[in-house]
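Working through the structure, step by step
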Amino acid sequence: MRLLVTGAGGGIGTAIVAAALARGDDVLAQELKAPTLARFDPDAGVTPIIGDLTDDRTLQALEGGARDGGIDAAILAHGIQGAGVLHELSSDHVRAILMVNAATIPRLFAALAPALRRTRGRFVAITSQAALRAEPGYSAYAAAKWAAQAWLEGQAELEGGAGVAIRTLCPGRTLTNMLKGSNEVFAAEQGMTVEDYTRESLDAVPLGRFADPTEIAAAALYLADAGARPAVLAATGGEVPH
Amino acid sequence: MSHTADVPQRKPTNRAWLARLSATSESRVAIQRDAALSVVSMDLRDDGGDAINNWIVEAGTQLFAALRELVVDTAADCPRVCVLVVDPVTDGTLQPVRQAACAMVRGAVLSLGPERPESRLTMVRARPDQLDQLAATLDYLAGDEASYITGASLDLTQRR
């Protein structure tokens, strides 16, 4: 199988690429900067595309890569951190959150849908448990994720049974640098140490632990495979049942 | 039982802006300031532009700026703000973007309601042909009877 993975150098993206390579897939891997993809040997089946997903040139490069080599599935694993209470959210930060976490998804779909239609492929977007519930202290992030989730569900209706299969993975708190960053923001806002905040946030997860990126990668690859799959899969350790 | 202690009651000013909004989409995001209930309107009628950029990125950025102004940078003890989303609810390729814009507002309002309990934040979704019937909903949200309502989404587009 040939996969396209965005955000391939991030915490979850890296785990997806590694798991895909381990099972013999070829990967067209997008990341913002080259060094984060350096760990993957091109001989192992990774074709890198370096660039910003808010830049049309990157979308064109991905469209060309998908068209020329063909893809069976796209997994969107990119995103930026968006913690912050209302009075601390600058317009620049809000715009960036909405552009990266929401607007890139329909734009990527437009770029990749022709290639995916040729293979009856799958378009898998990793949103968040924040797409499934309100998130005080995270309102701009939640707004972007709710927008992404709604667009995916609306587009899935338009695609119907004969078009691209659109599937969404909603991970909960996953052990990545992004989680570490948002924990630092929340801990500072609440006057707590990061360690104390982390312990407290663990109490919110019924399973009592954060997800490992490899678990989220396995869920993403499950959704990327052909066959009967759910349109939405919540991988939240029970924190946000869906 | 009265719940007016922290919510000064004022009669809403006239809502001529609703008629203007009904007639034309002058601006995608506009603020109507009112001591009883300020309204941030977001217009999702097709103007031929880049819907993803206009309705998600730019309108969302303007929405948060408006909410900061009306909820944070205000002297009001209990600011009441309603975000009115004007959604034509059509079939076609733009509807997923409209659904996304509505969900964006809902995600923001439902998150900010509990984050800002000193305020009252709501969202109303209505079709353009319903704007002249909105006074009852806005009067209700401005009144004492709605003082327990925040972080709430009122979808008026479902026909009965």
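These lines cover the structure that appears in this document, whether it is placed above or below. Owing to the predicted nature of the structure, the values given are computational and were not obtained by experimental measurement.

**Quick word on the interface of chain A and chain B**
- Taken residue by residue, the interface counts 30 residues in chain A and 31 residues in chain B.
- Taking both sides of the interface into account, the surface hidden between chain A and chain B amounts to around 2400 Å²; carbon and sulfur atoms contribute 71%.
- Linking chain A with chain B are two salt bridges.
- Connecting chain A to chain B are seven residue pairs in polar contact (both at pLDDT 80 or more).
- Broken down by secondary-structure element, the contributors of at least two residues to the side of chain A that touches chain B are α3 (91-118) and α4 (139-159) of chain A.
- Among the elements that line the side of chain A that touches chain B, the one with the most residues is α4 of chain A, at 11 residues.

**Digging into the side chain of Thr174 of chain A**
All names here are of chain A.
- Inspection of the secondary structure assignment puts Thr174 in the loop between β6 (165-171) and α5 (177-189).
- Looking at Thr174, its side chain comes within polar contact range of the main-chain oxygen of Gly172, at 2.9 Å.
- Excluding residues that lie within four positions of it along the chain, Thr174 makes contacts with Ile12, Leu179, Ala211, Asp212, Pro213 and Ile216.

**A closer look at the pattern of salt bridges**
- This model, assessed by the stated rule, comprises 20 salt bridges over all chains.
- Of the charged contacts, one joins Arg23 of chain A and Asp25 of chain A as a salt bridge, the two residues approaching to 2.6 Å between their closest N and O atoms.
- A salt bridge links Arg95 of chain A to Glu58 of chain B; its shortest N-O distance comes to 3.1 Å. In this pair, Arg95 of chain A is assigned in helix α3 and Glu58 of chain B in helix α2 (residues 51-72), connecting two distinct chains.
- We classify Glu58 of chain B as partly exposed; its relative accessible area is 23%.
- Here the residues in one salt-bridge network are Arg133, Glu135, Arg173 and Glu239 of chain A, joined through shared partners.

**Remarks on the environment of Arg23 of chain A**
All names here are of chain A.
- Note on placement: Arg23 falls in the loop between α1 (11-22) and β2 (26-31).
- Along the chain, Arg23 and Glu184 lie 161 residues apart, while their C-alpha atoms are 35 Å from each other.
- With near-sequence residues (within four places) excluded, Arg23 lies in contact with Met1, Leu221 and Asp225.
- At a separation of 2.6 Å, a polar atom in the side chain of Arg23 contacts the side chain of Asp25.

**Things to note about unusual backbone geometry**
- Notably, Arg120 of chain A is not glycine yet its phi reads approximately 50°, a positive angle.
- With respect to the element layout, Arg120 of chain A can be found in the loop between α3 and β5 (122-126).
- Notably, Val89 of chain B is not glycine yet its phi reads approximately 50°, a positive angle.
- Mapping Val89 of chain B onto the fold places it in the loop between β3 (80-86) and α3 (95-115).
- When its relative accessible area of 37% is taken as the criterion, Val89 of chain B is described as partly exposed.

**Some words on α2 of chain B**
- Taking the largest bend as the criterion, α2 of chain B deviates by roughly 35°, centred on Ala59 of chain B.
- For α2 of chain B, the buried fraction is high: 16 of the 22 residues fall into the buried class.

**A look at the sheet that holds strand β2 (residues 38-43) of chain B**
All names here are of chain B.
- Spatially, five strands are ordered β1-β2-β3-β4-β5 in an open sheet, and the strand pairing comes out mixed. Taken across any chain shown, the strands that pair with only one partner, and hence form the sheet edges, are β1 (29-32) and β5 (152-155). Strand-to-strand, the axes of this sheet are offset by a mean angle of 20°, without reference to chain direction.
- As defined by bridge partners, strand β4 (residues 120-126) adjoins β5 across four bridges and the pair is classed as parallel. Across the sheet, the residue bridging to Thr122 is Ala152, located in β5.
- Against the sheet, helix α1 (residues 16-23) makes contact with β1, β2 and β3, and its axis sits at roughly 20° relative to β3, the strand it touches most.

**A closer look at the side chain of Glu115 of chain B**
- As for its placement among the helices and strands, Glu115 of chain B is situated in helix α3.
- When near neighbours in sequence (up to four residues on either side) are disregarded, Glu115 of chain B contacts Val85, Leu86, Pro136, Gly137, Tyr138 and Ser139 of chain A.

**Focus on the packing of aromatic side chains**
All names here are of chain A.
- Tallied over the full model, the rule gives five aromatic pairs over all chains.
- With centroids separated by 5.1 Å and ring planes inclined at 85°, the aromatic side chains of Phe109 and Phe123 adopt a geometry described as edge-to-face. Pair noted here: Phe109 is in helix α3 and Phe123 is in strand β5, with a separation of 14 residues, a long-range link.
- Ring geometry for Phe186 and Tyr197: centres 5.8 Å apart, planes at 20°, overall stacked. One end of the pair, Phe186, is in helix α5; the other, Tyr197, is in helix α6 (residues 194-203), with 11 residues separating them in the sequence.

Basis of the calculations
Residues numbered from 1 in each chain as written. Chains lettered and ligands numbered in written order. Predicted model: local features only at pLDDT ≥ 70, side-chain atom pairs only at ≥ 80, totals over all residues. Heavy atoms only, no water. Contact = heavy atoms within 4.5 Å. Buried area = accessible area lost by both parts, 1.4 Å probe. Salt bridge = Lys/Arg side-chain N within 4 Å of Asp/Glu carboxyl O. Polar contact = N/O pair within 3.5 Å; in protein donor to acceptor, adjacent residues only side chain to side chain. Helix = DSSP H or I, 4+ residues; strand = E, 2+ residues; numbered from the N terminus. Buried < 20%, exposed > 50% of the residue type's maximum accessible area, 1.4 Å probe, protein only. Bend = angle between axes of the 7 residues up to and from the residue. Pairing = 2+ DSSP bridges. Axes fitted to C-alpha atoms, helices over the stretch in contact; angles between N-to-C directions. Phe/Tyr/Trp six-rings, centres within 6.5 Å; stacked < 30°, edge-to-face > 60°.

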